[in-house]
Amino acid sequence: MHYVERLDNVRIINSFLKILNKDYTRDFWSSSVVEEIRQMAVSGRPIRIFRRGVRAYRILDRLSFGKDEVVLHGDETYSSDLTTSISGIELAAPIYIGDMSFGSLSGVPNVVVAEVADELNLVAGTGEGGLHPDVAKHRRIFVQWASARFGVDIDVLMRGLGIVIKIGQGAKPGIGGHLPGNKVTGPISMVRRIPIGVDALSPAPHHDIYSIEDLKQRIDALKEATGKPVLVKIAATNYAPYIVVGIARMGADGVIIDGHGAGTGAAPQVVKDNVGIPIELAIASVDKMLRREGLRDGFTVIASGRVSSADDAAKIIALGADAVALGTSVLNSMGCIMARTCHTGNCPAGITSRLADGSVVVDHDLAKRAVINYLKAFQAELGLILDNLGLGNVRELVGRRDLLKGYCITSELAKILDVAGDCTSELPLKNNGSVWTPDYSIYASQLAKKGDVVISSMGSTGPPEVEPPKRLIDWLRLDGAQVTKPSIDPYREDIDMSVYLAGGRLQMSAPLIIRPLTNWSPEQIERAKFVAHLMDIAIDLYGFSNPSGKHSSRTMWDRWIRGIGALVLSLSDLSSMKTIYEYDSPIYIRLPPLLDPIKPIEPYLSQISGIIIDDALSGEVDPEVSVVNADLELRRRGIRYSVDVIIHMTSLRSSGDAVKLAALGADAVEVSSIIGKAVTVDGFEDKLINIINGLRREMAQLLGAAGVYTYYSTIIGNRELLRTLDPRVKELLKVKVAGEW
Amino acid sequence: MVIINHYPSSCGILGIIRAGNAPSIRGSDVVEAISTVKYRGVGLGAGYAAVRINGHGKYRVGLFAVNEYYNDVENLITEHLGISGAKVTNIRVKGKVGKVIDAEYELEGVDGNVDDLINIINDRLWELGGIGRVYYWGRHITVFKGIGHPDEVAKVYGVNNYEADAWIAHTRFPTNSPGHLPYWSHPFALNDTAIVHNGELSSYGVNAVHLGTTMGVRGLVGTDSEAVAYIFNYLVKVIGLDIETAVKVLVNPSLRGITDPWLIRLLNEYRWARLDGPFTIIMLMHHADDVYLIALADRFKLRPVVVGYDGQYYYAASEEAEIRAISPNARVWTLAPGGYLIVSLKRGVVSWGRPKEQLDVFFPTRSFPRQSDGDAINAKGLDYREINEEILRRIMNGSRLVKVINVNGQRFIGVNLPRYKLKDVRVEIYGTPGNALANLNNGVEFVVYGNAQDDVADTMHDGKVIIHGDARDVLGQTLQGGKIFVRGNAGNRVGVQMREYSSKRPYLIIGGRVDDYLGEYMAGGVIMVLGIDAYRAGKEAELTGNYVGSGMVGGRIYVRGKVDYSKVGLAPSKHEIRVLTEALREEGYPEDTLNEWLNRVLQVSHVPRPMADYRELTEDEVRELKPVLMDYARELKIDENLIDDLIGEKYTIIKPGIKGILTQGYKGFE
């Protein structure tokens, strides 16, 4: 507030703005959810309990306590006891107000959160931005020690009740914090000690924590220095249960696990949507494994990520958490309308605004009253849920998976959650609709404009939980490296994206091949060939006319000319050919997605360099299935490393899709639609260069997030780095279910 | 094997081989050394592997079997061996630990390679519920491993009295308890090869699927070491690659920097054998009538490893303290990122782990002043808490100078002090302090008469750290004030995230050289790398590794001598530049547009590449830096005239790049 007072022309927001109209397939925090939170923020009264889950694809919505919804009058009281202990610190309720930094929030909200924690006897995390002086006056805070240690010294560490070593967060597992340069204004620069106007990109890993024994070293060092409890915050990823057991064994006092879909002030969109698993799948496994190892007692488990109501909280506690962290819901209570412009600093509600002259900032008293009301109403709902379940205190609910019922929770999911339930009608794996949702259309045009990683704010709206899944690939998530191995910083360290197709004859700096669209003019094709050559990738002109002989070394074509990068033949071309020996260039065979793509080309295996699976040709299976089967069959025959597998998936819309296809088994991907979506005739060459650059950089981000620094030898066919959210996909793609161990 | 299992764990490792005519190495020394880093394990697994060049005469197989199924296991093995014409001639029970019997079988009639046979046996045993496991085989190797701390396992198997020509050892910290089964303890061995590994492979999914699906090795227990053991054994003993070539494949150098077509082909052909993620691996192998000790470090240098030699034995260890425990005066050096040590019993050193010239100039045998003063704190046998409490007690009682002697590996020294806001206090450390020295320091002066290890002075805001020897990786992370002076070298990521604010500006001065990522994400402060020993010897030497100043947003780096611009920040590879040039030529663009196009295509918008300048220091710079360098000379007892000479030299000055301003370096088509 102190900083706000020093700024000129600040406009204070002292009333709520109109909520944007979004349904739950467009935003997890749909207008009805935000509306309800706002109602609680105004009235301070509980609204209802045992809400019926509406999102078919969100696993937590498919769990319930088997009770009908109860609409409350609002004046009900509860008799159950909500007191909880976090690492020896007593809280009035199992609520931790999540880490949102000074910098990502506009100062007033940071102060409000600390004040509320004191008044309601809860605890708030400070986030990564150091300690705002007004926040430092309050006691009930946990100070964050993150990879950049912004604004941290011994004094700051001694202030709070405890320290949180932040390894990861649900919105961007494997990536460090990100405060865009335009939000690094004077006040922020002073607290964080970094230059004004420059992006504050925290390193992906802690550079002193590259293994689990390194984490122990850091925990011990912080305890030696301060004597305070130390917790560790991680994102929910593939190996969450092992990582948490490791964290407990290393002597941490607790863990904060942040699930997929959690909020953020700024994160790469492809990381948000494609990395990490939902909190519900992580928590159950974590609780079970900790108990099995005899490490659960005295170790606090705090769960976060999309906790939108007391019902969500109760279910997550029943699955195995001691407490929940609230982030986005608290922001909604103080007026956030989910405009999702946080990363630009232009927040209409004044909550995540950049702190400079002329900023918009939310009114302190409005925000504080709202948050207190909301949390009181939230606690009332939680208390009433416990009363209704016949439980005397919230600690009795922890790990009570036996109280939960499931709808459409079967096979591996049932094993992971210890809750089972049949489906009356099967949830479709694929729904109709264009992959070019508003979010992805914006993504594509941003990529073409900037040529670099596309950043967006707040939690993921990706499939399957929010956007209905349309492809098998929508059910897959990549791993984020945390604790047991480090993630690699793609901005500053050398991640090798190069590939050596055709036994090294077709060497590329990135595993991308341009596939033109049918409506391109010869001039556009010529530009695209130049761009492919310039950027050290390739272009596949099968079925197109090739206007000139320029850049042949990078061109793949259905007609052979001297110096051509590769000759591409279809199955029917093959049958009318006597021998394919005479060509001096690498040869690829173009196939539709077949269940066994190797069988039809068996006679030619020793003569070809690889196959191109193209779903523009009608096939028998999903392209993802064909890729996996091609990879496995070639490995069984011991020839995987002499036959390339290239995939053209017409629905490919991001670098996330590209990396997933590689992990499924593809050496390289052809990109067409995303270029078509974002690259107009105007500024064609520039935009094409940007798209390729952007895709390549984002792919490096995803690799780094998974702890991989070499694309070609490590990612391809590494299905161990993937998880699926549906057991049916496990069978099809040989990928484990998220939370399985 | 399509869906695989993977179990993370952590550890401390060690390897020793004797040189020339040195006497055999006794197990007790190995136990003592690995026990120095007991805290890297948790008593849930430890082990040793020992190789004798003259072997045991007989072919031997080591076996774990669950007590109640022992007969089934024995029958299964004799049956399968019988099919290949081999038979068991003797069975010796090495130990009984809980429910597991550890037995050694002697075999006769073994002809050539039994790997496949043993894989089939192990696969069957695993399918039957893990009722047993063959955990080593060969004529020259013996493995001792189990559940417990290193000294406990040693006692069970009589390791202390065992002698061999080369050893490796391991102490394990698994995330999950293995219960009573020793299957996941390390080392992993097969066919006269044994491996210990610190780290976690992100490539495991590819490595294991290849072993399972293509090579038919099933029933893997799910650890990285096991996979690496199989891969290395296959490359050397089945395919026939020579050891150094096989190691090159495993260590997975960045292909962006390689132009040798043979190496490129090799790395692509054995893609499945390339490792990714953090790893320090130590291997022992008996091959072609020779014994090898091999140590390798991943190219990002994400795990620690120190190498040593004392005239009789070569050592490789997770931490220097392990070596000093049994060889206090050994010459030590570190592996370069992506480097490897290969020592052959018969031929000596095949590969040093860094270029020999670098070793000769920068890593000589060092000796440090010893302190026998009766008033010092004797750290021998004390843990870090005891040392720190005593240091604090003396300071609170009025001491302004505290000495600590016989330090060997204790970590966190001085980390209890910052909250007391001490000034005018000096702590002298004699020996080899462990990791995380002086973290959060805000005013104390620390002097190390010896080598320091990783993570020195993390988040230091004031005070001094003076090191007479070397420091290792991640020195001065988020250093924000005060001075760090190192007489010798430092490792990877030195000065990462250094900052300055208000009146505080930190200075980090290195007398020797550094490895990769110097000053990564620097936002303020000054780093200087002087290469004093190279200067004195009149030798031109590279004082840094690659990626200098990557992601810098502030501050300055001064490196004496010329640093090639290709080593600054993240540079495009030669290949990328060549292809880009080709494309421009074919399209008809003039030569002088190359730089513009390079920036267009390869410049990053979030993080610009740093700029570099090669010149003499300006007057302002001399005014700023000379007093700091004079202080450096005084603290490290260096002739002040040398400083005057050094100040007159030319330096490569690296500063943050600016968005939109073209980076220099490329004049025309080459």
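Residues numbered from 1 in each chain as written. Chains lettered and ligands numbered in written order. Predicted model: local features only at pLDDT ≥ 70, side-chain atom pairs only at ≥ 80, totals over all residues. Heavy atoms only, no water.

Visitor: Explain the overall build of chain A here, please?
Guide: Looking only at helices and strands, one finds 22 helices and 32 strands in chain A. Its C-alpha atoms give chain A a radius of gyration of 26 Å, near enough to 27 Å, the size a compact globule of 741 residues would have. Viewed in the frame of its principal axes, chain A has a C-alpha envelope of about 85 × 60 × 50 Å. A fraction of 70% describes how many contacts in chain A between residues 6 or more apart in sequence connect residues 24 or more apart. Element-wise, carbon and sulfur atoms account for 48% of the exposed surface of chain A, whose accessible area totals about 20900 Å². (Helix = DSSP H or I, 4+ residues; strand = E, 2+ residues; numbered from the N terminus. Rg over C-alpha atoms; globule rule 2.2 N^0.38 Å. Contact = heavy atoms within 4.5 Å. Areas by Shrake-Rupley, 256 points an atom, 1.4 Å probe, with all protein chains shown as cover.)

Visitor: Would you mind showing me how to read the overall build of chain B here?
Guide: The helix and strand inventory of chain B stands at 16 helices and 30 strands. A globule of 670 residues ought to have a C-alpha radius of gyration of about 26 Å, and chain B, at 27 Å, matches this closely. Projected onto its principal axes, the C-alpha positions of chain B cover 85 × 80 × 45 Å. A burial count over chain B gives 68% of its 670 residues as buried. For chain B, the accessible area works out to roughly 22200 Å², and carbon and sulfur atoms hold 47% of it. Distance between charge centroids for chain B: 3 Å, based on 76 positive and 81 negative side chains. (Buried < 20%, exposed > 50% of the residue type's maximum accessible area, 1.4 Å probe, protein only. Lys, Arg positive; Asp, Glu negative; His and termini not counted. Charge placed at Lys NZ, Arg CZ, Asp CG, Glu CD.)

Visitor: What is the right way to look at the packing of aromatic side chains in this model?
Guide: To describe a pair of aromatic rings, you give the distance between the ring centres and the angle between the ring planes. Following the criterion strictly, the structure yields 34 aromatic pairs over all chains and no others. An angle of 75° between the planes, with centres 5.2 Å apart, marks the rings of Phe-28 of chain A and Trp-29 of chain A as edge-to-face. Taking the centre distance of 6.4 Å and the plane angle of 90° together, the rings of Tyr-48 of chain B and Trp-167 of chain B count as edge-to-face. Of this pair, Tyr-48 of chain B sits in strand 3 (residues 46-51) while Trp-167 of chain B sits in strand 10 (residues 166-174); the two residues are 119 residues apart in sequence, bridging distant segments of the chain. Owing to a relative accessible area of 0%, Trp-167 of chain B belongs among the buried residues under this scheme. Aromatic rings pair up to connect Phe-64, Trp-126, Tyr-135, Tyr-136, Tyr-183 and Trp-184 of chain B into one cluster. Lys-356 of chain B extends its terminal NZ or CZ atom over the ring of Trp-352 of chain B, reaching a point 5.0 Å from the ring centre. (Phe/Tyr/Trp six-rings, centres within 6.5 Å; stacked < 30°, edge-to-face > 60°. Lys NZ or Arg CZ within 6 Å of the ring centre and 35° of its normal.)

Visitor: It is not clear to me how the state of the cysteines should be interpreted in this structure. Could you clarify?
Guide: Put plainly, two cysteines are in a disulfide when a covalent bond ties their sulfur atoms together. Residue and element names in this part refer to chain A. As enumerated under the stated definition, the model contains 1 disulfide over all chains in all. The partner cysteine of Cys-408 in its disulfide is Cys-423, sulfur to sulfur 1.8 Å. Note on the Cys-408 and Cys-423 pair: the S-S dihedral is about 90°, so by sign convention the disulfide is right-handed. With Cys-408 in the loop between strand 19 (405-406) and helix 13 (411-417) and Cys-423 in the loop between helix 13 and helix 14 (438-450), this residue pair connects regions lying 15 residues apart in the sequence. Its relative accessible area of 28% is what places Cys-423 among the partly exposed residues. We note that Cys-336 lacks a disulfide partner, and the nearest cysteine sulfur, in Cys-347, lies 6.5 Å from it. Cys-342 carries a free sulfur, and the closest cysteine sulfur to it, the one in Cys-347, is 6.3 Å from it. (Disulfide = S-S within 2.5 Å.)

Visitor: Sorry, what's going on with the interface of chain B and chain A here?
Guide: Where interface size is given, it is often the accessible area lost as the parts come together that is meant. Across the boundary between the two partners, chain B contributes 104 residues, which contact 106 residues of chain A. Along the contact surface separating chain B from chain A lie 12 salt bridges. For the salt bridge of Glu-587 of chain B with Arg-527 of chain A, the shortest nitrogen-to-oxygen distance reads 2.5 Å. Connecting chain B to chain A are 50 residue pairs in polar contact (both at pLDDT 80 or more). Only strand 1 (9-18), strand 10, helix 5 (204-214), helix 8 (261-269), helix 11 (384-396), helix 13 (574-587) and helix 14 (594-602) of chain B provide two or more residues apiece to the side of chain B that touches chain A. For the side of chain B that touches chain A, the element with the highest residue contribution is helix 13 of chain B, accounting for 9 residues. In terms of residue class, the side of chain B that touches chain A is built from 44 nonpolar, 34 polar and 26 charged. (Salt bridge = Lys/Arg side-chain N within 4 Å of Asp/Glu carboxyl O. Polar contact = N/O pair within 3.5 Å; in protein donor to acceptor, adjacent residues only side chain to side chain. Nonpolar A, V, L, I, M, F, W, Y, C, P; charged D, E, K, R; others polar.)

Visitor: Is there a simple way to explain the sheet that holds strand 26 (residues 555-557) of chain A in this structure?
Guide: Residues and elements named next belong to chain A. Taken in spatial order, the 8 strands of this closed barrel run 24-25-26-27-28-29-30-31, and their pairing is parallel. Geometrically, the sheet is characterised by an average inter-axis angle of 30° between neighbouring strands, direction not taken into account. Across 2 bridges, the pairing between strand 24 (residues 512-514) and strand 25 (residues 538-540) is parallel. Looking at strand 25, one finds that Ile-513 is bridged to Ala-538. Helix 15 (residues 522-534) rests against strand 24, strand 25 and strand 26 of the sheet, and its axis sits at about 145° to strand 25. Contacting strand 24 and strand 31 (668-671), helix 20 (residues 684-705) runs over the sheet at an angle of about 160° to strand 24. (Pairing = 2+ DSSP bridges. Axes fitted to C-alpha atoms, helices over the stretch in contact; angles between N-to-C directions.)

Visitor: What should I look at first to understand the pattern of salt bridges in this one?
Guide: When charged atoms on two side chains of opposite charge get close, those side chains can pair. Applying the stated criterion to the full structure yields 113 salt bridges over all chains. Lys-736 of chain A serves as the salt-bridge partner of Glu-720 of chain A, at 3.2 Å between the closest nitrogen and oxygen. Of this pair, Glu-720 of chain A sits in the loop between helix 21 (711-714) and strand 32 (722-724) while Lys-736 of chain A sits in the segment after helix 22 (727-733), placing them 16 residues apart in sequence. The exposure classification of Glu-720 of chain A matches that of Lys-736 of chain A, with both residues buried. Close ionic contact of Asp-165 of chain B with Arg-18 of chain B constitutes a salt bridge, the shortest N to O distance being 2.7 Å. Remark: Arg-18 of chain B occurs in strand 1 and Asp-165 of chain B occurs in the loop between strand 9 (163-164) and strand 10; sequence separation between them is 147 residues. A single burial state applies to Asp-165 of chain B and to Arg-18 of chain B, both of which are buried.

Visitor: Hey, could you run me through the sheet that holds strand 7 (residues 95-97) of chain A in this one?
Guide: Hydrogen bonds between backbone atoms are what pair the strands of a sheet, whose relative direction is either parallel or antiparallel. Residue and element names in this part refer to chain A. What the 8 strands build is a closed barrel, ordered 7-8-9-10-13-14-16-17; its pairing is parallel. Strand-to-strand twist in this sheet, taken as the mean axis angle between neighbours without regard to direction, amounts to 30°. Both strand 7 and strand 8 (residues 123-125) contribute to a ladder of 2 bridges, which runs parallel. Within strand 8, the position partnered with Ile-97 by the bridge is Ala-124. Those strands touched by helix 9 (residues 279-292) are strand 14 (254-258) and strand 16 (300-304), and its axis lies near 170° from that of strand 16.

Visitor: What should I look at first to understand unusual backbone geometry in this one?
Guide: For residues other than glycine, phi is negative in most cases, and the peptide bonds are mostly trans. Cis rather than trans, the peptide bond between Pro-463 of chain A and Pro-464 of chain A has omega equal to -5°. Among the structural elements, Pro-464 of chain A can be located in the loop between strand 20 (455-456) and strand 21 (476-478). At the junction of His-186 of chain B and Pro-187 of chain B, the peptide bond is cis and its omega measures out at 5° in the coordinates. Relative to the helices and strands, Pro-187 of chain B resides in the loop between strand 10 and strand 11 (188-190). A positive phi angle is found at Thr-459 of chain B, which is not glycine, with a value near 55°. Positionally, Thr-459 of chain B belongs in the loop between strand 23 (442-449) and strand 24 (462-467).

Visitor: Explain the pairing of strand 10 (residues 162-166) of chain A here, please?
Guide: As a general feature of sheets, a regular strand has side chains that alternate between the two faces. Residues and elements named next belong to chain A. Counting buried positions over the 5 residues of strand 10 gives 5, a clear majority of the element. Bridge count for strand 9 (residues 141-145) against strand 10 is 4 bridges, and the pairing is parallel. The partner of Gln-144 across the bridge, within strand 10, is Val-164. Regarding the hand of the β-α-β motif, the stretch spanning strand 9, helix 4 (residues 154-159) and strand 10 is right-handed. Note: strand 10 against strand 13 (residues 230-235), 4 bridges, orientation parallel. Considered in strand 13, the bridge of Ile-165 is made with Val-232. (Right-handed = clockwise from strand over helix to strand, strands pointing away.)

Visitor: Honestly, the environment of Val-628 of chain B in this entry has me stumped. Any pointers?
Guide: All names here are of chain B. Mapped onto the elements, Val-628 comes out in helix 15 (residues 619-635). Along the sequence, Val-628 and Asn-207 sit 421 residues apart, while their C-alpha atoms lie 51 Å from each other. Once you skip the residues sitting within four places of it in the chain, Val-628 turns out to touch Lys-483, Phe-485, Tyr-507 and Ile-509.

Visitor: How do you make sense of the pairing of strand 7 (residues 132-138) of chain B when you look at a structure like this?
Guide: All names here are of chain B. Strand 7 sits mainly inside the fold: 7 of its 7 residues count as buried. Across 6 bridges, strand 4 (residues 59-66) lies against strand 7 in antiparallel orientation. Residue pairing in the sheet places Phe-64 in a bridge with Arg-133 of strand 7.

Visitor: Any chance you could explain helix 20 of chain A here in plain terms?
Guide: Three- or four-residue spacings in an α-helix give side chains the same orientation, since the helix completes a turn every 3.6 residues. All names here are of chain A. Taking 1.5 Å as the rise per residue, helix 20 with 22 residues should run 32 Å; its terminal C-alpha atoms sit 31 Å apart, in good agreement. Extensive coverage of helix 20 is indicated by the burial of 20 of its 22 residues. Two residues or fewer past helix 20, Gly-707 is found with a positive phi of approximately 80°. (Expected span 1.5 Å × (residues − 1).)

Visitor: Sorry if this is basic, but what is going on with the packing of helix 1 (residues 27-35) of chain B against helix 4 (residues 150-157) of chain B here?
Guide: In helix packing, the relevant descriptors are the interaxial angle and the interaxial distance, both defined with respect to the helix axes. All names here are of chain B. The N-to-C vectors of helix 1 and helix 4 enclose an angle of 160°; their axes lie 9 Å apart at closest approach. As summarised for this structure, helix 1 and helix 4 are arranged roughly antiparallel, according to the angle between their axes. Seen along the crossing, helix 1 lies across helix 4 with a hand that is right-handed. Residues Val-31, Ile-34 and Ser-35 of helix 1 lie in contact with helix 4, whose contacting residues are Pro-150, Asp-151 and Ala-154. Of the residues that constitute the contact of helix 1 with helix 4, the class distribution is 4 nonpolar, 1 polar and 1 charged. (Parallel < 35°, antiparallel > 145°, perpendicular 65-115°, else oblique. Left-handed = near helix turned anticlockwise from the far one by under 90°.)

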